[in-house]
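Each chain, letter by letter, is given below.
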Amino acid sequence: MTLENQLIKKTFYETFMEAGEKNPVRVLGEAFLAGYKDGTADISAIRFAQGEVYFHNKDYEAAIFKWENVHNALEPWAKKNIADCHYELGQLSTAEEIYKSIDTESSVLQSEVALQLFSLYIDQGKIEKADQVIKKAVSSNPDYPNVTDIARAFFEKHKDWKSAIELAVNEAIRTESHRWFDILKSYAEQGLTKAFEPHYFSKCLAVLYGVDQTRFEQMVHALWNSYRNERSYFSWLREFNHLFLNLDANRKQSWKELSALYQETYFELIDGTYLMKELEEIIPNLLTNWIKIADYSHALFASAAVLAWSEKFPSSISPEVVNDAENLIFHSRNETDGLEYSLTLFDSIVKWAEEQHVDPGHRFRWIIRELVDFQTHHLLVAGTSGNGKSSFINSVLGENILTVPTSSVIVFKGDDETEIRKISDEELTTFSGFHEFQEAVDRRLNKAFNNAIIEFSLPSPILQENRLALIDTPGFSDRNRMEGEALEYLHFADSLLFVLDANDPFTEKEQEIIMQIRKYAPNLPIHFLLNKIDEIYDEQEAAQIVEDTHSRVREFLPRAQVFAYSSHLRSRKQQNDLAEFLKDLNRPIVEEDRIEKILIFIRKLIRHLLDKWTEMEESLVESIKWNEEMATKLSGAINQLTDLKEEKTRMITRTFRKVLEEIRADLSENIPKILQECSDLIQEDSDFRNIHFELNDEMNRRAHAYVTDKVLPELYRSLQEWILKANDELNQCQSFLDEISDGFNGMYGEERLKLNCDFKVLDDWLRDADRMTSGVQMEKVNIFLRRTPYQILLKSAGRLFGVFQQNNEMLYHKYKQFVENQDYLDVAESIMNQLLLPFELFEKSLERDISFFFRNPFVVLNQAVEETKKEIEEKEEELEKMRSNPETYRDPLTLFEVKLRQYEWITISAKGVFHA
């Protein structure tokens, strides 16, 4: 045992013991006494050893006494041991002070002191100080036994994962020990390392690569997965691929796990979630690293990915890597399920489009579904006009279905029931009858090519028995070319049957068409139907025409067959021969060919969605412009309605006021006359003492009778006429508003505006008119009881002289003269005020009532304006977003295109033919 180990374990005293000695106290006592006497022995060393014995026997005070008197090279250790005694006695503060006062150059003693302080701080619950001490101990002497294990246990216990990971990284780099690399990997697998920036692990990974490549791969896998879905994921991909690019890894080594990780990550990155600006710095290095280590199960995908990416982004990957991919792809094992990958790609594009609120179209879904049906052979029938293409199809179907040139692609399928459906990008429509079908496909009615597909299912033995679908497309234009859109459906067909006219077969025009088809669909099998052969009366001549046609066709298409046919002959032999001919064409469908067609239509779908972006932008611009025009028109309609309301308010109010003015004029003219006529009540023998009371009562009665019997009926009649006129005026307003709403709804294309006025106001007016002109309770007017000077005089004279008969004549004349000559205008005014007060109040409410009448149209129009302005704002925001961030739409489609091109390369490799 070394001296340092003895000092650590406090067994230095054993150096004084002889073999067989078992009493260290006696031995050390004798040694101390002998040394003390002769003065030659190292008394401090003996005291140090005695202190150890006392310590082991828990006599800490005696041990402290001994160690306090050590003054040789062991003094720092003695000081440490004194602190240990205080520690054991529970005097932690004293022990801490002594530990911290020890000054030594011994790394062992330094480590021991640090570990003791660490334990002391743990006991005191001073975790922060314990953390500082253990980190210093590791930093000062990491090789000291157990110090790193103690530190790791401490960090893990207190979940200080940052310190634990730093310890593992440092120790792994320092020791290159598998154990520390494995510890770090376990942290990564728990997701604890993701708090660190990826570059922190680069040096550690570089060291591990040189130590153990299997563990390197496992470590990379753990770190890779820990960063996945984190904000630093791309930083990890950049950092690791930069590191791995400079390592000498290659395909001769086994990198199966890492190769699979590259494949998974690559497909994850190009699934349409990320933008190109995020990927352009990552993908090239990722692909470069992937292909240099790709094992046989991933080499095909890796090489196809490199070629696809480099085609889309030239110069992003070095030529050497591209050349490596070109060589590798044709020497890789193709064990992929091309159909599954293709359909998954199609589904992912459709899902993405739907998330962007863009309809990918029913047409593409229908086409892909049909292409997946490997049991049905798609035969495209083509030919120039006049060659009898439609007649041939009709004869095969056994019905006269095609009667006019078509503007659509029609697919005839055998089924038990007849059903005709239109499959467009926008919708699926089932035709109610044959007439509707003819109108939809008649080229005379539909000049332009209709991109929709007509699926015509019907009972047809020849189609059902041969699992055959006939495809008819619009014919060729005057330039001897197929419609551009119709050409696309060449890729839908498994073979093409070109109809020739036996009277002039395979003309230069038809040869040009065939060359055009070959250029567009080079792998499409083409065969020929020599129609109208019945018009050649000489059988030998007919046979010669067939032979000559066959010879000329073979110069262009050596494998093409030629079948002589007459659409007008219904012989059993011809039908049997045709069935055999079609059966011969209907060879088993090769899955790779259909996969290639699916990929072609996926590319068309991507192009379709790119075009949709332009359409959406143009649609938004047009929508904004249209809505701005609508907002202007709606505001104009509101202004018109405001003018109309004001005009009708003036007119109706003025008419009502005229009625009142006529009544007022009537009362002003007739009430005074009625009151003056009350003079006939005065007689010479009247009781002039009370005549003024009688006159007042009679005048009120006659005035009230006039109002009730004549004025009110006339007023009622006038109000009814006024209401009828107002009704006419308001009906005109409603008619005007109906025209406005019809105009706007015509522009909207739906019944959006209903400008219905509130005619209840007329019912209210009728009710009010009836109420105001019936049962009028008028207060008695003080006509003859007022205290005017002349009336006072007359009444006084009546009371004074009325008792004398001889004075009656004089009073009679005076009263009569007074009644007949009075103007009574103030009385008439009082009666008018009583009578017309409700009508005047009614008049004041007319403007409010007419406003109620127009309230709903105003609400509807103002709401339409607000909705239109809101829609303009939303469309402008959407347009601005589209124009400012076009990459959010275009980049995913670009990545789908890259993935598509990768699958195309895989398809090419399966055929073993290179296509540049």
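Heads up: these notes are all about the structure in this document. The structure presented is a predicted model; accordingly, all values stated were derived computationally and were not measured.

Attention now moves to the packing of aromatic side chains. A ring pair, where both rings are aromatic, is described by two values, the distance of the centres and the angle of the planes. Tallied over the entire structure, the rule returns 52 aromatic pairs. When the centroid spacing of 6.2 Å and the interplanar angle of 70° are considered together, the rings of tryptophan 224 and tryptophan 236 count as edge-to-face. One end of the pair, tryptophan 224, is in helix 13 (residues 213–227); the other, tryptophan 236, is in helix 14 (residues 233–245), with 12 residues separating them in the sequence. Exposure class is identical for tryptophan 224 and tryptophan 236. Each is buried. Relative to phenylalanine 437, the ring of phenylalanine 434 lies with its centre 5.6 Å away and its plane at 40°, an arrangement referred to as tilted. Placement of the pair is phenylalanine 434 and phenylalanine 437 together in helix 23 (residues 434–441), with a separation of three residues, close to one helical turn. Among the residues examined, phenylalanine 434 registers a relative accessible area of 32% and is labelled partly exposed.

Taken as a whole, the largest pocket holds about 1300 Å³ of empty space. If you trace the largest pocket, you find 42 residues lining it, with Pro522, Asn523, Leu524, Asp593 and Glu596 closest to the centre. Looking at the lining of the largest pocket, the elements with two or more residues in it are helix 26 (508–520), strand 8 (526–531), helix 28 (572–585), helix 29 (591–676) and helix 35 (887–911). In terms of residue count, the dominant contributor to the lining of the largest pocket is helix 29 (eight residues).

Okay, the pattern of salt bridges next. Inspection of the entire model under this criterion finds 55 salt bridges. The partner of glutamate 829 in a salt bridge is arginine 664, with the nearest N and O atoms 3.5 Å apart. Remark: arginine 664 occurs in helix 29 and glutamate 829 occurs in helix 34 (residues 825–884); sequence separation between them is 165 residues. A relative accessible area of 23% places arginine 664 in the partly exposed class. Residue glutamate 840 is joined to arginine 664 by a salt bridge in which the shortest nitrogen-to-oxygen separation is 2.7 Å. Pair noted here: glutamate 840 is in helix 34 and arginine 664 is in helix 29, with a separation of 176 residues, a long-range link. Under the relative-accessibility criterion, glutamate 840 is labelled partly exposed at 26%. In the salt-bridge network here, residues are joined through shared partners; they are Glu311, Lys312, Arg603, Glu897, Arg901 and Glu904.

Calculation rules
- Residues numbered from 1 in each chain as written.
- Predicted model: local features only at pLDDT ≥ 70, side-chain atom pairs only at ≥ 80, totals over all residues.
- Heavy atoms only, no water.
- Phe/Tyr/Trp six-rings, centres within 6.5 Å; stacked < 30°, edge-to-face > 60°.
- Helix = DSSP H or I, 4+ residues; strand = E, 2+ residues; numbered from the N terminus.
- Buried < 20%, exposed > 50% of the residue type's maximum accessible area, 1.4 Å probe, protein only.
- 1 Å grid on protein atoms, 1.4 Å probe; cavity = no way out; pocket = protein on both sides within 12 Å on 5 of 7 lines; lining within 4 Å.
- Points joined across faces, edges and corners; volume = space filled by probe spheres on them.
- Salt bridge = Lys/Arg side-chain N within 4 Å of Asp/Glu carboxyl O.

Limitation: the analysis is restricted to geometry and does not speak to function.
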